[in-house]
2 protein chains.
Amino acid sequence: MRLSRYFIPTLRDNPKEAEIVSHRYMLRAGMVQQTSAGIYAWLPLGLKVMNKIADIVREEQDAMGANEVLMPTIQSADLWKESGRYDDYGAEMLRIQDRGERDMLFGPTNEEMITDIFRTHVGSYKQLPMNLYHIQWKFRDEIRPRFGVMRGREFLMKDGYSFDLTHEDAVIAYQKIFLSYMRTFARMGIKAIPMRADTGPIGGDLSHEFIILADTGESEVFADKKWMEMDTTAPDLSYDDIDGLSEYFKELTNIYAATDEMHKEENAQGVDIVTARGIEVGHIFNFGTKYSDPMKATVQTNDGKQIPVHMGSYGIGVSRLVGGIIEASHDENGIIWPEEIAPFHVGLMNLRFRDDACTKACDDAYAKLQEAGVEVLYDDRDEGAGSKFKNMDLIGLPWQLAIGPKGLEAGTVEFKNRKTGEKMEVSLESALEKIVD
Amino acid sequence: MRLSRYFIPTLRDNPKEAEIVSHRYMLRAGMVQQTSAGIYAWLPLGLKVMNKIADIVREEQDAMGANEVLMPTIQSADLWKESGRYDDYGAEMLRIQDRGERDMLFGPTNEEMITDIFRTHVGSYKQLPMNLYHIQWKFRDEIRPRFGVMRGREFLMKDGYSFDLTHEDAVIAYQKIFLSYMRTFARMGIKAIPMRADTGPIGGDLSHEFIILADTGESEVFADKKWMEMDTTAPDLSYDDIDGLSEYFKELTNIYAATDEMHKEENAQGVDIVTARGIEVGHIFNFGTKYSDPMKATVQTNDGKQIPVHMGSYGIGVSRLVGGIIEASHDENGIIWPEEIAPFHVGLMNLRFRDDACTKACDDAYAKLQEAGVEVLYDDRDEGAGSKFKNMDLIGLPWQLAIGPKGLEAGTVEFKNRKTGEKMEVSLESALEKIVD
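First, a word on scope: everything that follows refers to the structure included in this document. Going along each chain's sequence as written, the residues are numbered from 1 onward. Labels are handed out in written order, letters beginning with A for the chains and numbers beginning with 1 for the ligands. Owing to the predicted nature of the model, reporting of local features is limited to residues with pLDDT of at least 70; listing and counting of side-chain atom pairs is limited to 80 or more, with chain, interface and lining totals taken over all residues. Side-chain measures were taken over the full set of non-hydrogen atoms in the model, leaving aside hydrogen atoms and water.

## Some remarks on the sheet that holds strand β20 (residues 376–379) of chain A
All names here are of chain A.
Part 1 of the argument: DSSP bridges decide pairing: two strands pair if at least two such bridges lie between them. In this text, helices come from DSSP runs of H or I with a minimum length of four residues, and strands from runs of E with a minimum of two, each type numbered from the N-terminal end. Pairing is mixed across the open sheet formed by five strands, whose spatial order is β20-β19-β21-β22-β23. Unpaired on one side and paired on the other, β20 and β23 (423–426) mark the two borders of the sheet. For this sheet the average axis-to-axis angle between neighbouring strands, irrespective of direction, equals 20 degrees.
Part 2 of the argument: As paired elements, strand β19 (residues 346–350) and strand β21 (residues 399–403) share five bridges and run parallel to each other. Bridging from a neighbouring strand, Gly 347 pairs with Gln 400 of β21.
Part 3 of the argument: Contacts are assigned to residue pairs with any non-hydrogen atoms lying within 4.5 Å of each other. Fitted lines through C-alpha atoms give the axes, limited to the stretch in contact for helices. The angle between two N-to-C directions lies from 0 to 180 degrees. Against the sheet, helix α13 (residues 428–436) contacts β19, β21, β22 (413–417) and β23, and its axis sits at roughly 25 degrees relative to β22.

## Looking at the relation of the copies chain B and chain A
In this arrangement, two copies of a chain are superimposed by a rotation about an axis accompanied by a shift along the axis.
Part 1 of the argument: Least-squares fitting of one copy onto the other uses the C-alpha atoms of those residues that reach a pLDDT of at least 70 in both copies. Expressed as a screw operation, the relation of chain B to chain A combines 0.0 Å of axial shift with a rotation of 180 degrees, fitting to an RMSD of 0.0 Å. Given the turn and translation reported, the copies of this chain are related as if by a two-fold rotation axis. Across chain B, the rotation axis passes nearest the C-alpha of Ile 96 of chain B, at a separation of 2.9 Å.
Part 2 of the argument: Interface overlap between copies: 100% of the residues of chain B at the interface are likewise at the interface in chain A, consistent with a symmetric, same-surface contact.

## Focus on helix α9 (residues 356–371) of chain B
Residues and elements named next belong to chain B.
Part 1 of the argument: By this rule the span expected of a helix is its residue count minus one, scaled by 1.5 Å. Its 16 residues give α9 an end-to-end C-alpha distance of 22 Å, which sits within 8% of 22 Å, the value for a rise of 1.5 Å per residue.
Part 2 of the argument: Buried within α9 we find Cys 358, Thr 359, Ala 361, Cys 362, Ala 365, Tyr 366 and Leu 369. The buried residues of α9 all sit within an arc of 160 degrees when viewed along its axis, so they share a single face. Opposite the packed face of α9, turned more than 90 degrees from it, sit the exposed residues Asp 356, Lys 360 and Glu 371.
Part 3 of the argument: For α9, the secondary structure elements touched by its buried residues are β19 (346–350), β20 (376–379), β21 (399–403), α11 (405–410) and α12 (428–436).
Part 4 of the argument: The distance from a side-chain oxygen at the start of α9 to the backbone nitrogen of Ala 357 is 3.0 Å, and the residue carrying that oxygen is Asp 355.
Part 5 of the argument: Note on α9: the residue one or two positions beyond its end, Gly 373, has a positive phi of about 80 degrees. The buried label goes to any residue with under 20% of its type's maximum accessible area, the exposed label to any with over 50%, and the partly exposed label to all in between, with areas taken from a 1.4 Å probe on protein chains only. Our arc is simply the arc of the directions from the helix axis toward the C-beta atoms. Here a polar contact is recorded for every N or O atom pair within 3.5 Å, except that within protein the pair must consist of a potential hydrogen donor and a potential acceptor, and residues adjacent in sequence are included only if both atoms are side-chain atoms.

## Brief notes about the environment of Lys 419 of chain A
Part 1 of the argument: Within the fold, Lys 419 of chain A resides in the loop between β22 and β23.
Part 2 of the argument: A residue is classified by how much of its surface remains accessible, and Lys 419 of chain A, at 69% relative accessible area, is exposed.

Here it is, written out as structure tokens:
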């Protein structure tokens, strides 16, 4: 993509309203724009990152055998009255009356609606287990929205729901999700630690939050020091290997990690505890028949009985992750995107726009990178070299490739790794080779 | 995908509430489920088709040089008071008060918000032309939602917006969009006829609707008979070829076609007019400075003056197209998907689940098709052959491949083209060859 044809409205100065680094950098890099308190428009660069995160989430959900659906944002209040949560949810729920004066709401989560879809279509134990998810905008009317997309009011969430015949089967579903979440976050190039968590208004007795550590995290967390050194890449394990799943789950949950609400010193005796700040990026719940009971979502067993289905729900904060990953990966010059979710792989800079030879060399390099299928952002604007370097550091693409008249004479380009800062003067060909690798 | 692991809750009988064929088939094929009046949850099969439609729209927008953004669903009423449309829009607008008693609304369209984004970041003629689009859920509180996803309340729309320095440049932007829309609809395997149209509450003086013909269309349309025989595939024309764009636009708009509101007999004299019913799937507007004037979205010209930017807006009804395409492409047995947007390319049926040799042959064929990168829906359930054939016709995939014990003995499979109905008894290998072609 040529920057001259791309809408990245970067800002030179730090916006006053931004209290934390991810919010600051997202505004400065032209990724988002606030349109109301806690509500954001996603500009091209921000949207590209969010879509890459959503794609990883989707691929890992599909790999686990979950089916993707898409529920609407506007729900009838009737469903929430049936489950008993309509009054419980408080002022965070955005309540709406339509033109027929029916009570509606903007969904903050979808347990009720998915339970209704299930009970409409599924009647037999033979159709279980079932796992449905969607990636859709939610609204929670926070009293004090802040930290940019980290605690916004309208936000993009993946929420998934499992349906099983028995508690034992529901635990297997929970352990599958657990593995898939470890895979999902590792693929994004971040370490998310599963922590025993409170269940809050969703309910149930078994729950974990997936937390990434960052100084600006909203909550205090307590974790065994082992987590800090550990490689959290998940093992090569089939979702059909029930024993393997259970073992992996036990192995990881045996290493102490708890959120503030769940931390008890007596449970952590003899453990080398690290206290840190954390950002919740995922949260999973097993809540049994909390919704299927009042909403009469039953299935027939093989001996003809009708029993309520056992359920769980599983969330990933897709829009929040964009901010969360920046909190965990940046320096004083800007964002440092992990390769897997970087909006582009390489930033190509023309250091002397008005030099025809230089511009021709850049155009050629751009064509070659595109041909090789590399995602490249090409700064082809009539701007000074200094401002281009600054801008590229801010945007945080994994690789930078700068072409100027001096290097061109010597037959070299400047090639930089954004993360390590390592710079090389190499031939264009060897830079291209390294990038395509 | 194995049907045994996929959530397609098909219905045997015609749902009473469905008045038109697309609504009936979408419910019967388990593509959607109504969750409130005019509001639908998209189940896996329906979502897959909608995503394919959205992908084609996106690719053609990007090819034209438009930049994708994503604006939120909830907007502040302040913007609409600024443009003067807040009171005009009437009861179709879903008005909301948040917990701070601020007036908000669920966006029915985004002219105001995009104008606000533009004026925040763009100040110079050098940044023009600019074209931004998003694909996002909208809400219009129809007094009588009906026809399933064709006239729903919550619906998915692509809306794009162009910004130009002069009226002449805005006309070029309009003609680019015109070409891109012809390409977009042709790629979906449908014929959409551009018709001179009324501008309604969006405003402006130049507007076309893109209409597909179907007996169940909501509005009457009048078109030159030439349109019926014409191949509407767009020519191989660069978006940079301004003269070519203008010629193409004139050529097509010179062939008479008008919606009910715009049809005048005196304009169609000597034309062989066909009267038909039509479904609007796209609508484009050039409205000059209607929003930039009151909202003060100005740019500096090269001689230092501040002038309001010239704008246009361009919509495609993404969720509506799912229904519209079914209206235009079906028979008495079910849907007939055009290849480009079919949820799967092939439906593979095991006609004798309890026959091990048959099941093995089906599993092998499934593996081979997947290896070849073919999207295949495999009916591997323990059901009778008759119900499997019926179901596959209803779902409407382009190709059907049925494997039963008799054919297996003879070394053949049954291979059917859903559209033509043509059946062949051929070897599995030659069927696979035909499919992969």
